[in-house]
Amino acid sequence: MTARPALPSLVGQPLIVGAGLAGVMTALSTTRPCVLLCAGRLDEIRPPHAASWLAQGGLAAAVGVDDTPALHAADTLAAGAGLCDPDIVRRVTDDGPAVVGRLAGLGVAWDRNPDGSLQRGLEAAHARRRIVHAGEDATGAVIMRALAARVRRTPRITVIEHAHARDLVLHDGAVAGLRAVIAGTQVTMPATAIVLATGGVGGLFADTTNPAGATGSGLAIAARAGAVLGNMEFVQFHPTALSAGADGQRLCLVSEAVRGEGATLIDETGARFTEELATRDTVSRAVWRHMMAGHTVYLDARKAIGAAFTQHFPAISALCAAHGIDPLTQPIPVRPAAHYHMGGVVVDPAGRTGVPGLWASGEVACTGLHGANRLASNSLLEAVSFGTWIGQALDGHDRPVRPVPGLAAPGLQWTQPPVGLRRLMSRYAGVIRSGAELEAGLAQVLAQPESDARLVCAAIMHAALLRTESRGGHFRSDYPHVAPTAHASRLTLADIAHLSAQMDTPVATTPP
Ligand SMILES: Cc1cc2nc3c(=O)[nH]c(=O)nc-3n(C[C@H](O)[C@H](O)[C@H](O)COP(=O)(O)OP(=O)(O)OC[C@H]3O[C@@H](n4cnc5c(N)ncnc54)[C@H](O)[C@@H]3O)c2cc1C
């Protein structure tokens, strides 16, 4: 494979890596010509390259007459278990109603009542009905289809499909370019402004609702450039992934909105065993413990929703039908799965990382909104708010580009994390963790061949080992209580290398 220079006409334009909601909103919100790197096809849902296409429940915003951004902020802070940044929470929840309007202006047709008001769903730990949705339970696909069409009609945005970013080029510690693999060819693109919008880490787990591309590669790229990773241990496990399909395959999600409409969690005896609308981490642990005690867990929508299920949840109905399950007459088998990463690249309120010229947007970022646990449906909101603010900030970013050396790293490719590594993560860094298991799992992770996935898995496990308490999405059976004081966790590449070396296994500081 040879290194190829980037198209000369694109040199110096901001590069946005990842074409989910955060990346697309960033591209639409700057007025500058920019380049959007997309891992798959921009406007195709199958196979899903971005989690944004899969979002079901909707987007949280205080749009009801019975609601206020302050109430939304209070629920967000409560879910975040002491680790949210209250200023960021206020700023994002204040922006919620405007985000709904902004997306409508970009062509998103929200579901509305006959009087034109927005339909509002309820999800766990929200004190009000404030989840706006589109296409009933196909919110992500409706939003992404509208925004992708808008991108296609915006000539200043150059979309490069089948593109995988691999590493940054730095000059004097600042961003000078990007190394990427585009349709199998290595490319070096000079740029002084790069936005990582690469999504989450669910693809590092065997049981996950995330698409295969959610492998945390943006975290590895940022860490190698010197950015700080925050709250890496906080992974949210969704309690109700559809427990069907081949081993290692992405699990389909059965949205919390189904429980919001009254569906109950039962076991094979028909007995309920938990409070369905408690926070996600609480419900996930209850389901996990019940499974570990030998039970099979189901979500029962027969009585509470009944015949209305197909109308309200057409996408979930179709997913169930594909697995031979009829939610009108049968309870839906479910199990917990890695769903959302609260941790990420630490950014300031403007979305800037500590590396000059590098921003992080959406799930890859650690903004302070989610703290230890994301409140349901706050992530689409965050992706739009920060995507907008970062896009606007790009307008004011003006640093001359300089030539960057071509690629000299043979074999720089993008590969899926091996299923063995994903099984290790689900087994040792899953819903309920312990120090002994994390240590055993980490030793096995570090014994794997060098890769971005291995680096990010190691960071998650190190951070989980260091946090000797249980808080939000992170639960340690050997430290089951919340520590009296809350602290955010921070890791650099040097920290990860140092901690790994103590286990006799160094971590590479260059891309494998
Ligand atoms: C099944 C499911 C249902 C959900 N439902 C909801 C919901 O109802 N409400 C809500 O608020 N949130 C929901 N979420 C979470 C939400 O969808 C995500 O947090 C959000 O969409 C993330 O947007 P993003 O743009 O940051 O990442 P993504 O949408 O995942 O996009 C990231 C993109 O970057 C690409 N990429 C990764 N690495 C590279 C690289 N190195 N080079 C180039 N491209 C790269 C990925 O392939 C992907 O295309 C759900 C998530 C899932 C999985």
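The protein goes by L-aspartate oxidase in an unreviewed UniProt entry, where it is assigned to Komagataeibacter xylinus. What UniProt records for the protein under Pathway (unreviewed entry) is the sentence "Cofactor biosynthesis; NAD(+) biosynthesis; iminoaspartate from L-aspartate (oxidase route): step 1/1." Of the protein, the UniProt comment under Catalytic activity (unreviewed entry) reads exactly: "L-aspartate + O2 = iminosuccinate + H2O2".

(A) Seen up close, the side chain of His370. Looking at the secondary structure, you find His370 in the loop between strand E19 (365-366) and helix H10 (378-395). Only 2.9 Å separates the side chain of His370 from the side chain of Tyr340, close enough to count as a polar contact. Among the polar contacts made by the side chain of His370, one reaches the side chain of Glu382 at a distance of 2.9 Å. Other than its neighbours up to four places away in sequence, His370 contacts Gly80, Cys84, Tyr340, Met342, Asn378, Ser379 and Glu382.

(B) Structural view of the pattern of salt bridges. Summed over all chains, the structure comprises 25 salt bridges. In this structure, the salt-bridge partner of Glu233 is Arg467, at a minimum N-O distance of 2.5 Å. Residue Glu233 is found in the loop between strand E12 (229-230) and strand E13 (235-242), and its partner Arg467 is found in the loop between helix H13 (452-466) and strand E20 (490-491); the two are separated by 234 residues along the sequence. On the basis of relative accessible area, Glu233 is assigned to the buried category, the value being 0%. With a shortest N-O distance of 2.6 Å, Glu469 and Arg467 are connected by a salt bridge.

(C) Summary view of the sheet that holds E12. Strand order in the open sheet made by the four strands is E19-E17-E12-E20, with mixed pairing throughout. Only two strands of the sheet have a single neighbouring strand rather than two, namely E19 and E20. Pairing of E12 with E20 involves two bridges; the strand directions are antiparallel. Its bridge partner lying in E20, Gly230 is registered against Arg490.

(D) Local environment of the nonpolar core. Residues Leu178, Ile194 and Phe205 are the most contacted members of the largest nonpolar core, which totals 67 residues. The element that contributes the greatest number of residues to this core is H13, accounting for 11 residues. Ignoring anything within four residues of it in the chain, the contact list for Ile194 reads Leu15, Val17, Leu168, Val175, Gly177, Leu178, Gly357, Leu358 and Trp359. With 52 residues, the next largest nonpolar core counts Ala50, Cys84, Ala134 and Phe386 among its residues.

(E) Region of interest: the domain arrangement of the protein. In terms of domains, the protein is made up of domain 1 (3-200 + 340-395) and domain 2 (235-336). Taking the mean C-alpha position of each, domain 1 and domain 2 sit 28 Å from one another. Contacts between domain 1 and domain 2 engage 18 residues on the former and 22 residues on the latter. Of the roughly 1600 Å² buried where domain 1 meets domain 2, counting both sides, 46% is carbon and sulfur surface. Its largest share of buried area at the contact with domain 2, domain 1 owes to Gln56, Ala124 and Asp137, together 32% of the area lost on that side. Connecting domain 1 to domain 2 are one salt bridge. Note that Glu261 and Arg129 form a salt bridge whose closest N and O atoms lie 3.5 Å from each other. The interface formed by domain 1 and domain 2 contains nine residue pairs in polar contact (both at pLDDT 80 or more). Tallied by class, residues from the side of domain 1 that touches domain 2 come to eight nonpolar, five polar and five charged.

Definitions and cut-offs
- All residue numbers refer to position in the chain's written sequence, counted from 1.
- In keeping with the model being predicted, local features are shown solely for residues with a pLDDT of at least 70 and side-chain atom pairs are shown and tallied solely at 80 or more, while totals for entire chains, interfaces and linings include all residues.
- The basis for the side-chain values is all heavy atoms of the structure; hydrogens and waters are excluded.
- UniProt positions are given in the numbering used here, feature names are shortened, and annotations may be inferred rather than shown by experiment.
- For the purposes of this entry, the term helix denotes a DSSP run of H or I that reaches at least four residues, the term strand denotes a run of E that reaches at least two, and both are numbered from the N terminus.
- Residues adjacent in sequence count toward polar contacts only when both atoms are side-chain atoms; beyond that, a polar contact is any pair of N or O atoms within 3.5 Å, and within protein one must be able to donate a hydrogen and the other to accept it.
- Residues count as neighbours in contact if any of their non-hydrogen atoms are within 4.5 Å of one another.
- By definition here, a salt bridge exists when the distance from a side-chain nitrogen of Lys or Arg to a carboxyl oxygen of Asp or Glu is within 4 Å.
- Each residue is placed in one exposure class: buried if its accessible area under a 1.4 Å probe, protein chains only, is under 20% of its type's maximum, exposed if it is over 50%, and partly exposed if it falls in between.
- Two strands form a pair only when DSSP identifies at least two bridges running between them.
- Note on terminology: a nonpolar core comprises buried Ala, Val, Leu, Ile, Met, Phe, Trp, Tyr and Cys residues joined through side-chain atoms within 4.5 Å.
- Each domain's extent is set by a domain assignment, obtained either automatically or from a database.
- Two parts placed together each lose some accessible area under a 1.4 Å probe, and the buried area is that loss summed for both.
- Each residue gets one label: Ala, Val, Leu, Ile, Met, Phe, Trp, Tyr, Cys and Pro are nonpolar, Asp, Glu, Lys and Arg are charged, and the others, such as Gly, are polar.

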